[in-house]
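Spelled out, the chains give:
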Amino acid sequence: MDPISLATITVLAVFVGFEVVSKVSSTLHTPLMSGTNAIHGIVLIGAIIVAGQAHDPWVLAVALLAVVLATANLVGGFVVTDRMLEMFKGRAKKGTDA
Amino acid sequence: MPLFPPVVSSLLYLVAAVCFILALRGLSSPKTARRGNLIGALGALIAVVTVFLASRLENIPWILAAIAVGTAIAWPIARRVQMTQMPQLVAMLNGVGGGAAALIALLELPHAADWWTRLAIVLTLLIGAISFAGSVITFSKLQGILSAKAIVFPGLALLMVGVLVVAVAAGAWVVTSGPFFAAVAVLVLGLAVGVLLVLPVGGADVPIVISLLNAFTGLAVAASGFVLGNVLLIIAGTLVGASGTILTRAMAQAMGRSVSGILFGAFKGGSTAGSTEASDRPVRSSSAEDVAVLLGYAQKVIIVPGYGLAVAQGQHTVAELQQALEARGIEVEYAIHPVAGRMPGHMNVLLAEANVPYESLKEMSEVNGEFKQTDVALVVGANDVVNPAAKTTPGSPIYGMPILEVGDAKQVVFLKRSMRPGFAGIENELLYEPQTTLLFGDAKDSLAKVLAAVKAL
């Protein structure tokens, strides 16, 4: 894809990011931080592409290290965010029952 | 051979991008937040499956093994980490993400055909390396491996400028002609910048830096999307970069600081450095039984939880105390400062863990007017967020930070471990006021004693 199209997508994503996040309540700022943290773990697909095109053993080794790091970011981020939000869900339910 | 033609994979990446946006949108309410996060995880899964089915990949068994290793490391840690240690974990996960982006950029350099791809590579290397090294330092500060105070040494500012200049020069070399060793130099210099940037950040500013580095990693991922020509990485990274920037500003505002002041304040003469000395002025300390009497015969009690409560794992005991007081017909609320705990909203997470009802939690703007009608403000392990110096002492490290005005309450009870100042390293004048009572000890022990005494009333 040409640089201009990529830049267009980037600028639009900036606005979407600002719009969506400005609506998040301060109660949920910690899950927001860990949730966005999880999302940038998607760099995993970049790591997979690079590892999948590696011919040199050391290139493969470095790329596999990137796969391990990115997987840890992605999986750990979503799991820990889910754990936090699970507790919020319990509390919200208790609130409506009362 | 790829199973999917490029059109299908592009559409599936679009689906994944929409999932990520929905994940962020879900966080606008506690009710939809968990489902949103699961949608985000689903989007990630779709993207990873797509990359396997749509690209011509070799070494697939190796890649699957590496994914298994990463999962095996992260899953149990994420399941078991204590909620109080959440900031450290977020810092660490962020760091490894930045590191992964930097490594990818390094390996792609030999394939970069034009200058703007090489520019994206340099940016990914630099930002990813800063994020990785900076996150390691924030992790070490929060974990107590390094001092949580600002670490400054003579010549730090000069060294920082020098490293940055060399990094930019090496980066320019990579962009123009692209020698591999210059890219390695950019990576190493980026690591040095990350360390030098975060070392001078101390105390309560550390969580803000975690958020800032989170935004950095997002930008590094977006830049790596440019390197690989992958739209999903660009969208996801940019979303995180934008949201992280907003969150960082919101946190800084909640503390009455500017982001540049946090990062470069220490260079200008250490505005985060406060006194660590305990004062020897007289204070009124008291027993758990006396505190129980104060609480048990009040009409309205506001509990102000802080990090000391979290460290002592006292959130369950405080919830029990709330129930015991409410059983006596006393109105109990929690006043939550935006930066109580170690991250914004961290205290909400901890109290949610103890099943404290949602409607008992009051945000600072809601609750500040209520202290005047409050009989007892019970400050549990908080110090800086109730320190009137934020309003009265220009030049104090926390001057300008909005605080909870517990001084308006008829009685103030501090549960504290010692007279040592809080995270920001400054004394709290409120401790010496006539309406203030102190109960020394571990927050959880003290709460348990007060709870037992309230029940015995």
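Read on for a plain summary of the structure. Since we're looking at a predicted model, the values are computed, not measured.

Quick notes on the rules
- Residues numbered from 1 in each chain as written.
- Chains lettered and ligands numbered in written order.
- Predicted model: local features only at pLDDT ≥ 70, side-chain atom pairs only at ≥ 80, totals over all residues.
- Heavy atoms only, no water.
- Contact = heavy atoms within 4.5 Å.
- Buried area = accessible area lost by both parts, 1.4 Å probe.
- Salt bridge = Lys/Arg side-chain N within 4 Å of Asp/Glu carboxyl O.
- Polar contact = N/O pair within 3.5 Å; in protein donor to acceptor, adjacent residues only side chain to side chain.
- Helix = DSSP H or I, 4+ residues; strand = E, 2+ residues; numbered from the N terminus.
- Nonpolar A, V, L, I, M, F, W, Y, C, P; charged D, E, K, R; others polar.
- Axes fitted to C-alpha atoms, helices over the stretch in contact; angles between N-to-C directions.
- Parallel < 35°, antiparallel > 145°, perpendicular 65-115°, else oblique.
- Left-handed = near helix turned anticlockwise from the far one by under 90°.
- Buried < 20%, exposed > 50% of the residue type's maximum accessible area, 1.4 Å probe, protein only.
- Phe/Tyr/Trp six-rings, centres within 6.5 Å; stacked < 30°, edge-to-face > 60°.
- Pairing = 2+ DSSP bridges.

### A closer look at the interface of chain A and chain B
Interfaces are often sized by the accessible area lost when the parts come together.
Argument step 1. Contacts between chain A and chain B engage 80 residues on the former and 97 residues on the latter.
Argument step 2. When the two sides are added together, the surface that chain A and chain B hide from each other amounts to roughly 8,100 Å², 78% of it contributed by carbon and sulfur.
Argument step 3. Of the charged contacts in the structure, one is a salt bridge between arginine 34 of chain B and glutamate 86 of chain A, with a shortest N-O distance of 4.0 Å.
Argument step 4. Here chain A and chain B share 16 residue pairs in polar contact (both at pLDDT 80 or more) between them.
Argument step 5. Elements with a minimum of two residues in the side of chain A that touches chain B: helix H1 (3–21), helix H2 (29–39), helix H3 (43–52) and helix H4 (57–97) of chain A.
Argument step 6. At 35 residues, H4 of chain A tops the list of elements feeding residues into the side of chain A that touches chain B.
Argument step 7. Looking at the side of chain A that touches chain B, its residues break down into 50 nonpolar, 23 polar and 7 charged.

### Section: the packing of H3 of chain A against helix H2 (residues 30–54) of chain B
Argument step 1. Between H3 of chain A and H2 of chain B, the shortest axis-to-axis distance is 9 Å and the interhelical angle comes to 15 degrees. Classified by the angle between their axes, H3 of chain A and H2 of chain B sit roughly parallel to one another. Judged by the sense of rotation from one axis to the other, the crossing of H3 of chain A with H2 of chain B is right-handed. Residues Leu44, Ile45, Ile48 and Ile49 of chain A of H3 of chain A form the contact with H2 of chain B, whose own contacting residues are Ala47, Val48, Val51 and Phe52 of chain B.
Argument step 2. Of the residues assigned to the contact of H3 of chain A with H2 of chain B, the class counts are 8 nonpolar, no polar and no charged.

### Some words on the environment of asparagine 428 of chain B
All names here are of chain B.
Argument step 1. As for its position among the elements, asparagine 428 is in the loop between strand E5 (411–416) and strand E6 (436–440).
Argument step 2. A relative accessible area of 1% places asparagine 428 in the buried class.
Argument step 3. In contact with asparagine 428, other than residues within four places in its own chain, are Asn383, Val386, Asn387, Pro388 and Phe414.
Argument step 4. A distance of 3.0 Å separates a polar side-chain atom of asparagine 428 from the backbone nitrogen of leucine 430.

### Focus on the packing of aromatic side chains
Argument step 1. Inspection of the entire model under this criterion finds 2 aromatic pairs over all chains.
Argument step 2. A centroid spacing of 6.0 Å and a plane angle of 70 degrees characterise the contact between tryptophan 58 of chain A and phenylalanine 180 of chain B, whose relative ring orientation is edge-to-face. With tryptophan 58 of chain A in helix H4 and phenylalanine 180 of chain B in helix H7 (residues 180–198), this pair bridges two chains.
Argument step 3. In this structure tryptophan 58 of chain A comes out as partly exposed when scored by relative accessible area, which is 43%.

### A word on the sheet that holds strand E3 (residues 361–363) of chain B
Residue and element names in this part refer to chain B.
Argument step 1. With respect to topology, 6 strands assemble into an open sheet ordered E3-E2-E1-E4-E5-E6, the strand pairing being parallel. One side of each edge strand has no neighbouring strand; the edge strands of this open sheet are E3 and E6. The sheet shows a mean angle of 25 degrees between the axes of neighbouring strands, taken without regard to direction.
Argument step 2. Bridge count for strand E1 (residues 300–305) against strand E4 (residues 376–380) is 5 bridges, and the pairing is parallel. Within E4, the residue paired with valine 301 across the bridge is valine 376.
Argument step 3. Contacts from helix H13 (residues 315–327) reach E1, strand E2 (331–336) and E4, with the element oriented near 150 degrees to E2.

### Describing the pairing of E1 of chain B
Residues and elements named next belong to chain B.
Argument step 1. Burial analysis of E1 places 6 of its 6 residues in the buried class, which makes it a mostly covered element.
Argument step 2. On E1, burial covers both faces: Lys300, Ile302 and Val304 on one face and Val301, Ile303 and Pro305 on the other are all buried.
Argument step 3. Direction of pairing for E1 relative to E2: parallel, over a ladder of 4 bridges. In the sheet register, lysine 300 faces E2, and the bridge partner there is glutamate 331.

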